[in-house]
Amino acid sequence: MYFAFVSGNPALDLAATVGTRRSEPIDVLATPADLERWVARCDELPDHVTADSGTFQSALSLREALYHLALDRVLGRPFGREDLRIVNAAATGPLPAVELGNAGLRMSGDLVAALSHIARSGIALLADPHARIKECGRAECTRLYLDRSRGARRTWCGMDECGNRVKAAAYRTRRRTAERPACS
Ligand SMILES: [Zn+2]
């Protein structure tokens with residue numbers, strides 16, 4: 001199972017658990033256990049939560065609502081009413097507890113609290129008029145990310161996954177063109 005945390009915000013990272021959304025969507029959260037692993041791997045969330053089928057379904061509906069709202073922002077269109085309702089409702093839940101130690105911040109709480117934290121992060125991001133949310137430059141990828149780079153010049157969700165792939169494909173095309181014998 002491959003989880004990537006490259007979007008710069010847990011709400012966008014959750015949305016990105018479905019890849020290649022416009023062609024053949026790949027969902028890495030197939031079961032409640034996948035969601036438990038995803039939450040444990042996410043730096044900003046509690047290390048251990050348990051998911052049942054109910055909380056799993058809420059997580060998936062929150063994920064889709066966050067994706068739609070972020071895409072609305074990217075495309076400059078108004079937010080969908082139902083998506084707003086889902087995200088705003090999730091944000092009213094209890095929050096994870098935080099604790100400072102020498103290893104840094106430690107967060108604990110259940111899955112509902114984790115989802116509430118994700119919803120609030122998403123709301124803070126989507127309400128920020130200066131946040132530069134972009135879609136990855138590799139068309140099939142469809143991942144949304146927060147561009148924090150200087151001058152907002154980041155083009156890919158990640159160099160390994162997408163940037164290098166696009167560059168390698170462009171190189172192969174150039175080489176093929178160069179090797180083609182001249183027409184006679
Ligand atoms: Zn990408």
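To be clear, the structure that these remarks concern was listed above.
About the criteria used
Residues numbered from 1 in each chain as written. Predicted model: local features only at pLDDT ≥ 70, side-chain atom pairs only at ≥ 80, totals over all residues. Helix = DSSP H or I, 4+ residues; strand = E, 2+ residues; numbered from the N terminus. Buried ≥ 20, exposed ≤ 12 C-beta atoms within 10 Å, placed from the backbone. Contact = placed C-beta atoms within 7 Å. Pairing = 2+ DSSP bridges. Expected span 1.5 Å × (residues − 1). Axes fitted to C-alpha atoms, helices over the stretch in contact; angles between N-to-C directions. Parallel < 35°, antiparallel > 145°, perpendicular 65-115°, else oblique. Left-handed = near helix turned anticlockwise from the far one by under 90°. Core = buried A, V, L, I, M, F, W, Y, C linked by C-beta atoms within 7 Å. Nonpolar A, V, L, I, M, F, W, Y, C, P; charged D, E, K, R; others polar.

**Structural notes on the overall build of the chain**
Alright, step 1. Each helix and strand counted, the chain has 6 helices and 6 strands in total.
Alright, step 2. Reading the chain from its N end, one meets helices and strands in the order α-β-β-α-α-α-β-β-α-β-β-α.
Alright, step 3. Expressed as lengths along the three principal axes of its C-alpha atoms, the size of the chain is roughly 75 × 35 × 35 Å.
Alright, step 4. Expressed as a percentage of its 184 residues, the buried residues of the chain come to 30%.
Alright, step 5. Here the contacts in the chain between residues at least 6 apart in sequence split such that 56% fall between residues at least 24 apart.

**Things to note about the pairing of strand 4 (residues 104-108)**
Alright, step 1. When strand 3 (residues 97-101) meets strand 4, the two strands line up antiparallel, connected through 5 bridges. Paired with Ala97 across the bridge in strand 4 is Ser108.
Alright, step 2. The turn joining strand 3 and strand 4, which pair antiparallel and follow one another in sequence, is formed by 2 residues.

**Here's the deal with helix 3 (residues 53-75)**
Each α-helix turn comprises 3.6 residues. Residues three or four places apart therefore point the same way.
Alright, step 1. Taking 1.5 Å of rise per residue, 23 residues should cover 33 Å, and helix 3 covers 33 Å from first to last C-alpha, within 8% of that figure.
Alright, step 2. For helix 3, the full list of buried residues reads Ala59, Leu62, Arg63, Ala65, Leu66, Tyr67, Leu69, Ala70 and Arg73.
Alright, step 3. The inward-facing, buried residues of helix 3 abut helix 1 (10-15), helix 2 (32-41), helix 4 (81-90), helix 5 (111-127), strand 5 (133-135) and strand 6 (144-146).
Alright, step 4. Directly after helix 3, the chain includes Gly76, whose backbone phi takes a positive value near 70 degrees.

**Quick word on the packing of helix 3 against helix 4**
Alright, step 1. At a closest axis distance of 9 Å, the pairing of helix 3 and helix 4 adopts a crossing angle of 125 degrees. By the angle between their directions, the pair helix 3 and helix 4 is classed as oblique. The crossing of helix 3 and helix 4 is left-handed. Residues Ser61, Leu62, Ala65, Leu66, His68 and Leu69 of helix 3 lie in contact with helix 4, whose contacting residues are Asp83, Ile86, Val87 and Ala90.

**What about the environment of Gly109?**
Alright, step 1. Of note, Gly109 is situated in the loop between strand 4 and helix 5.
Alright, step 2. Aside from chain neighbours lying at most four places away, what touches Gly109 is Pro46, Pro96, Ala97 and Ala114.

**A few points about the nonpolar core**
Alright, step 1. Formed by 38 residues in total, the largest nonpolar core has its most connected members in Leu12, Ala15, Leu62, Leu66, Ala70, Val87 and Leu115.
Alright, step 2. At the level of secondary structure, the elements contributing two or more residues to this core comprise helix 1, helix 2, helix 3, helix 4, helix 5 and strand 6.
Alright, step 3. If near-sequence neighbours (up to four positions away) are discounted, Ala70 is found in contact with Leu12, Ala15, Leu126, Ile133 and Leu144.

**Some details on the packing of helix 3 against helix 5**
Alright, step 1. At a closest axis distance of 11 Å, the pairing of helix 3 and helix 5 adopts a crossing angle of 5 degrees. What the angle tells us is that helix 3 and helix 5 run roughly parallel. Only Leu111, Val112, Leu115, Ile118, Ala119, Gly122 and Leu126 of helix 5 make contact with helix 3, whose side of the interface consists of Thr55, Ser58, Ala59, Leu62, Leu66, Leu69, Ala70 and Arg73.
Alright, step 2. For the contact of helix 3 with helix 5, a count of residues per class yields 11 nonpolar, 3 polar and 1 charged.

**A few points about unusual backbone geometry**
Alright, step 1. Here Thr20, not a glycine, exhibits a phi torsion of approximately 40 degrees, which is positive.
Alright, step 2. Relative to the helices and strands, Thr20 is located in the loop between strand 1 (18-19) and strand 2 (26-27).
Alright, step 3. Taking the number of C-beta atoms within 10 Å as the measure of exposure, Thr20 has 14 and is therefore partly exposed.
Alright, step 4. One non-glycine residue, Ala152, lies in positive phi territory at about 50 degrees.
Alright, step 5. With respect to the helices, strands and loops of the structure, Ala152 is situated in the loop between strand 6 and helix 6 (159-179).

**Observations regarding the environment of Asp27**
Alright, step 1. Along the chain, the position of Asp27 falls in strand 2.
Alright, step 2. Overall, Asp27 belongs to the exposed group, with 12 C-beta atoms counted inside 10 Å.
Alright, step 3. In this structure the C-alpha to C-alpha distance between Asp27 and Ala131, which are 104 residues apart in sequence, comes to 26 Å.
Alright, step 4. In this view, Asp27 contacts Thr17 and Val18; residues no more than four positions away in its chain are not counted.

Don't take any of this as a statement about function, it's just geometry.
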